[in-house]
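Each chain, written out:
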Amino acid sequence: MINPQKNDPKIRILSCTDEKIVFTLREVDVSVVNSLRRILLGEIPSMAIEMVEIINNTSVLPDPFIAHRLGLIPLTSNYIQDFNFPQDCNCTSTCDNCCVDLQLSRKAETEQEIGVYSADLISTNPRVTPVRDPETPRGILLLKLSAGQQISLKATAKKGIGRHHAKFSPVSCAVFSYEPDVRLSQAIIDDMPANEKEAFVTSCPKQVFSSDPMFSVIKIHDQDHWNCMFCQECVNWAEENHREGLVIVKHREPNNFKFTVESTGSIPAAMIVKLAIQQMMKKLDLCRQATDNIGNQLTVLGSLDGEYLESDL
Amino acid sequence: MYFTCFEFYAKLVVMNVPGPEELLYLPEGMDKVTCEEDKRVPHCSIFTFHLEDHTLGNLLRMQLLRYPKVKFAAYQIPHPLVNDCILRIQTDGTVTPKVALLQAFDDLRSITENLEKAFDEGHEIFLKRK
Ligand code: SF4
Ligand SMILES: [Zn+2]
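About the criteria used
Residues numbered from 1 in each chain as written. Chains lettered and ligands numbered in written order. Predicted model: local features only at pLDDT ≥ 70, side-chain atom pairs only at ≥ 80, totals over all residues. Heavy atoms only, no water. UniProt positions renumbered as here; feature names shortened; annotations may be inferred. Donors = N, O, S within 2.8 Å, 3.2 Å for Na, K, Ca; no water. Buried < 20%, exposed > 50% of the residue type's maximum accessible area, 1.4 Å probe, protein only. Axes fitted to C-alpha atoms, helices over the stretch in contact; angles between N-to-C directions. Helix = DSSP H or I, 4+ residues; strand = E, 2+ residues; numbered from the N terminus. Parallel < 35°, antiparallel > 145°, perpendicular 65-115°, else oblique. Contact = heavy atoms within 4.5 Å. Nonpolar A, V, L, I, M, F, W, Y, C, P; charged D, E, K, R; others polar. Buried area = accessible area lost by both parts, 1.4 Å probe. Salt bridge = Lys/Arg side-chain N within 4 Å of Asp/Glu carboxyl O. Polar contact = N/O pair within 3.5 Å; in protein donor to acceptor, adjacent residues only side chain to side chain. Pairing = 2+ DSSP bridges. Patch = residues over 30% accessible without salt bridge, like charges linked within 9 Å, V, L, I, M, F, W, Y side chains within 5 Å. Areas by Shrake-Rupley, 256 points an atom, 1.4 Å probe, with all protein chains shown as cover. Lys, Arg positive; Asp, Glu negative; His and termini not counted. Charge placed at Lys NZ, Arg CZ, Asp CG, Glu CD. Near = heavy atom within 4 Å. 1 Å grid on protein atoms, 1.4 Å probe; cavity = no way out; pocket = protein on both sides within 12 Å on 5 of 7 lines; lining within 4 Å. Sits in = over half its atoms within 2 Å of the grid points. Domains from an automatic or database assignment.

- Looking up chain B in an unreviewed UniProt entry gives the name DNA-directed RNA polymerase II subunit RPB11, with the organism given as Blattamonas nauphoetae.
- Within the UniProt record for chain B, the comment given under Subcellular location (unreviewed entry) is "Nucleus".

- An unreviewed UniProt entry annotates chain A as DNA-directed RNA polymerases II, IV and V subunit 3 of Blattamonas nauphoetae.
- Listed under Sequence similarities (unreviewed entry) in UniProt, the entry text for chain A is "Belongs to the archaeal Rpo3/eukaryotic RPB3 RNA polymerase subunit family."

So, in C-alpha cells, the structure goes:
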C-alpha cells in the first residue's frame with residue numbers, strides 16, 4: 001500500500017502555557033493542518049450557559065442582552081468527558097450528567113455603583129465554574145448596577161460544540177501560517193547610504209529587520225523572520241527606490257507551518273490540541289466505518305470479468 | 001421568564017435557520033454515508049457524507065488526489081444550510097472508488113496517529129527543556 005505523502009510529521013513547541021501554545025509543524029500537508037484548525041474551532045466540546053431564568057432584573061440591561069452575555073462566559077471544562085451531550089443523556093430534561101446549574105444574585109445596597117462579574121456566578125459543580133485567572137480574579141464584567149438596582153437569575157450550562165454556537169468553542173484563536181523566508185542581498189545593502197538603509201529597515205511594519213544605530217549593517221535576527229506577515233511592504237519599498245532584488249519574501253517550504261492556539265481558559269491549550277487530533281481520528285474512524293457498511297453492490301463496476309479486484313492502490 | 005440563548009436570536013431576527021439539532025444529530029435510521037453510482041462516466045461514484053463539512057471533504061479530496069489510480073476527486077457543500085458533503089470519485093477502473101476512499105481513510109488515520117505521536121514527543125521535549 002503506498003502512501004505518496006511523506007508521513008513523518010514533526011512538531012516543535014516554541015511556547016506553551018495554559019492559555020496559549022505556539023508550535024511549528026513540519027512535513028504535514030496543508031489540508032491536514034487546516035482540518036485540525038477547523039476542528040479546534042468547531043468540534044471540541046466544552047460547557048457554556050444555554051438556559052437562563054431571570055428571576056429579577058432591575059438593571060438597565062434587558063434580559064436577552066444579559067442572557068447573551070452569560071452564554072459567552074467561558075466555563076472550566078477540564079472534565080468535559082464526564083458530561084453527556086443533552087440529547088444523548090438518559091434523563092428526560094436535566095440532570096447532573098448533562099447540566100450544571102449556576103446562580104447569580106447581586107444588589108447595589110449602597111449609593112455606590114457596583115459591577116457584576118462572572119466570578120459572582122455560583123456554580124453547583126466545582127468542576128464547572130467561570131474561568132478566572134490571577135490577573136483578573138473577578139473575571140469578566142457582565143453589567144453594572146447603580147444604587148438600588150438588583151439582578152438575580154438562574155442559569156444552566158450544557159455541553160456543546162463550536163459548530164452549534166461559537167460560545168462552545170474552547171479556543172479564542174486558532175491560526176496557522178507558512179514559515180516565511182526573507183532574504184536580503186548583501187551586495188545591494190553595501191551599496192546603500194545610511195539614510196536609505198534606515199528607510200528600508202523602517203519600511204517593515206513587523207520589525208523583521210534589525211540594524212545597528214549607525215545603520216551600517218542590516219540583519220534578520222534568529223527567530224525574527226517568523227514575524228513576517230507577507231505584506232510585501234519591503235519588496236515594494238525596494239522597487240520604488242530602484243533597489244530591485246534587495247529583498248525576497250516567500251514561503252520557506254510548502255509543508256512548514258507555525259500554529260498558534262489560544263484558549264479561552266476553559267481547557268489548557270496543549271490539551272485542546274491533543275483533543276483536536278483525537279477528534280480527527282474519531283471522525284475518520286466513524287466515516288470509514290460508515291463507508292465500509294455501504295454495501296457491496298457498488299464495489300462491482302461496469303464489467304463482470306473479475307478484472308476489477310480490490311487490488312492495492 | 002425562560003429563554004434559551006437560541007430563542008433570542010429567533011425572536012430578535014426572524015430567521016428560517018434550521019435548529020442546532022439538525023447540525024449535530026443524524027436523524028433516526030439515516031445512514032452517515034450514502035453512495036450512488038454516476039452513470040454518465042465509468043468507474044465513478046458519488047458519496048454523500050451527512051453532517052460533515054469542509055473539514056472532512058478537503059482532507060479526503062487531497063489524499064485521494066495523491067493516488068495515481070484516482071482520475072478525479074472533488075467535493076462540494078451543496079448549500080450552507082444543508083449539512084452534507086458530497087464527494088465525487090472517479091478511478092481508472094483498476095480499483096473501485098470505494099476502495100480508494102477506504103484507502104484514503106486508512107492513510108489519513110495513520111497520518112493523524114503520527115501527528116499525535118509527534119505532538120506528544122514535542123510536548124515532552126518542551127517540558128524537559130523548561
Ligand atoms: S513582507 Fe512585510 S512583514 Fe515581511 S519582511 Fe517584508 S515588510 Fe516585513
Ligand atoms: Zn441528563
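Once the structure has been displayed, the description carries forward.
1. Thoughts on the coordination of the zinc ion (ligand 2)
Residue and element names in this part refer to chain A.
Line of reasoning, step 1. Every protein donor of the zinc ion (ligand 2) is accounted for by Cys 89 (SG), Cys 91 (SG), Cys 95 (SG) and Cys 98 (SG), and the metal-donor separations fall at 2.1 to 2.3 Å.
Line of reasoning, step 2. All donors of the zinc ion (ligand 2) belong to a single chain; written as a sequence motif, their spacing is C-x1-C-x3-C-x2-C.
Line of reasoning, step 3. Among the residues examined, Cys 91 registers a relative accessible area of 22% and is labelled partly exposed.

2. Digging into the packing of helix H4 (residues 194-203) of chain A against helix H5 (residues 233-240) of chain A
Residues and elements named next belong to chain A.
Line of reasoning, step 1. Interhelical geometry of H4 versus H5 gives an angle of 150° and a closest axis separation of 8 Å. Judged by the inter-axis angle, H4 sits roughly antiparallel to H5. For the pair formed by H4 and H5, the contact residues are Glu 196, Ala 199, Phe 200 and Ser 203 on the first element and Glu 233, Cys 234 and Trp 237 on the second.
Line of reasoning, step 2. Its residues placed into classes, the contact of H4 with H5 shows 4 nonpolar, 1 polar and 2 charged.

3. Side note on the interface of chain A and chain B
Line of reasoning, step 1. Contacts between chain A and chain B engage 71 residues on the former and 66 residues on the latter.
Line of reasoning, step 2. Taking both partners together, chain A and chain B bury about 6700 Å²; carbon and sulfur atoms supply 65% of that area.
Line of reasoning, step 3. Counting the contacts that link chain A with chain B gives 7 salt bridges.
Line of reasoning, step 4. Here Lys 274 of chain A makes a salt bridge to Asp 120 of chain B, at a shortest N to O gap of 3.2 Å.
Line of reasoning, step 5. Counting across the interface, chain A meets chain B through 15 residue pairs in polar contact (both at pLDDT 80 or more).
Line of reasoning, step 6. Those elements that place two or more of their residues in the side of chain A that touches chain B are strand S1 (10-16), strand S2 (20-26), helix H1 (30-42), strand S3 (46-57), helix H2 (63-71) and helix H6 (269-292) of chain A.
Line of reasoning, step 7. Tallying contributions element by element places H6 of chain A first for the side of chain A that touches chain B, with 16 residues.
Line of reasoning, step 8. When its residues are assigned to classes, the side of chain A that touches chain B shows 37 nonpolar, 16 polar and 18 charged.

4. Some thoughts on the sheet that holds strand S4 (residues 70-76) of chain B
Residues and elements named next belong to chain B.
Line of reasoning, step 1. Taking strand neighbours across the sheet as the criterion, the 4 strands line up as S2-S3-S5-S4 in an open arrangement whose pairing is antiparallel. Every interior strand has two partners, whereas the edge strands, strand S2 (33-37) and S4, have only one. Each adjacent strand pair in this sheet contributes to an overall mean axis angle of 15°, direction not counted.
Line of reasoning, step 2. Most of the contacts of helix H3 (residues 54-64) go to S4, to which it runs at about 170°, and overall it touches strand S3 (44-50), S4 and strand S5 (84-91).

5. A few points about a negative patch on the surface
Residues and elements named next belong to chain A.
Line of reasoning, step 1. Residues Asp 18, Glu 19, Asp 133 and Glu 135 make up a contiguous surface patch of negative charge.
Line of reasoning, step 2. Mapping Glu 19 onto the fold places it in the loop between S1 and S2.
Line of reasoning, step 3. With a relative accessible area of 44%, Glu 19 lands in the partly exposed category.

6. Topic: the site of ligand 1
Residue and element names in this part refer to chain A.
Line of reasoning, step 1. The environment of ligand 1 is made up of 13 residues, and the closest members are Cys 204, Cys 228, Cys 231, Gln 232 and Cys 234.
Line of reasoning, step 2. Mapping ligand 1 onto the cavity grids shows that it belongs to the largest cavity.
Line of reasoning, step 3. Class assignment of the residues belonging to the shell around ligand 1 gives a composition of 10 nonpolar, 1 polar and 2 charged.

7. Some thoughts on the UniProt feature "domain: DNA-directed RNA polymerase RBP11-like dimerisation" (unreviewed entry) in chain B
Line of reasoning, step 1. Under the local residue numbering, the UniProt record ascribes the feature "domain: DNA-directed RNA polymerase RBP11-like dimerisation" (unreviewed entry) to residues 45-117 of chain B.
Line of reasoning, step 2. Structurally, residues 45-117 of chain B is divided into 44% helix and 29% strand, and its ends, taken at the C-alpha atoms, are 34 Å apart.

8. Notes on the packing of H1 of chain A against H3 of chain B
Line of reasoning, step 1. Across the interface, H1 of chain A lies against H3 of chain B with an axial gap of 9 Å and an inter-helix angle of 170°. With respect to their mutual orientation, H1 of chain A and H3 of chain B come out roughly antiparallel. Listed contacts from H3 of chain B to Ser 31, Val 32, Ser 35, Arg 38 and Ile 39 of chain A of H1 of chain A are His 54, Thr 55, Asn 58, Leu 59 and Met 62 of chain B.

9. Brief notes about the domain arrangement of chain A
All names here are of chain A.
Line of reasoning, step 1. Here chain A is partitioned into domain 1 (1-44 + 169-179 + 255-296), domain 2 (46-168) and domain 3 (180-252).
Line of reasoning, step 2. Centre-to-centre, using C-alpha coordinates, domain 1 lies 30 Å away from domain 2.
Line of reasoning, step 3. At the interface, 13 residues of domain 1 touch 15 residues of domain 2.
Line of reasoning, step 4. Of the roughly 940 Å² buried at the junction of domain 1 and domain 2 (both faces included), carbon and sulfur atoms supply 53%.

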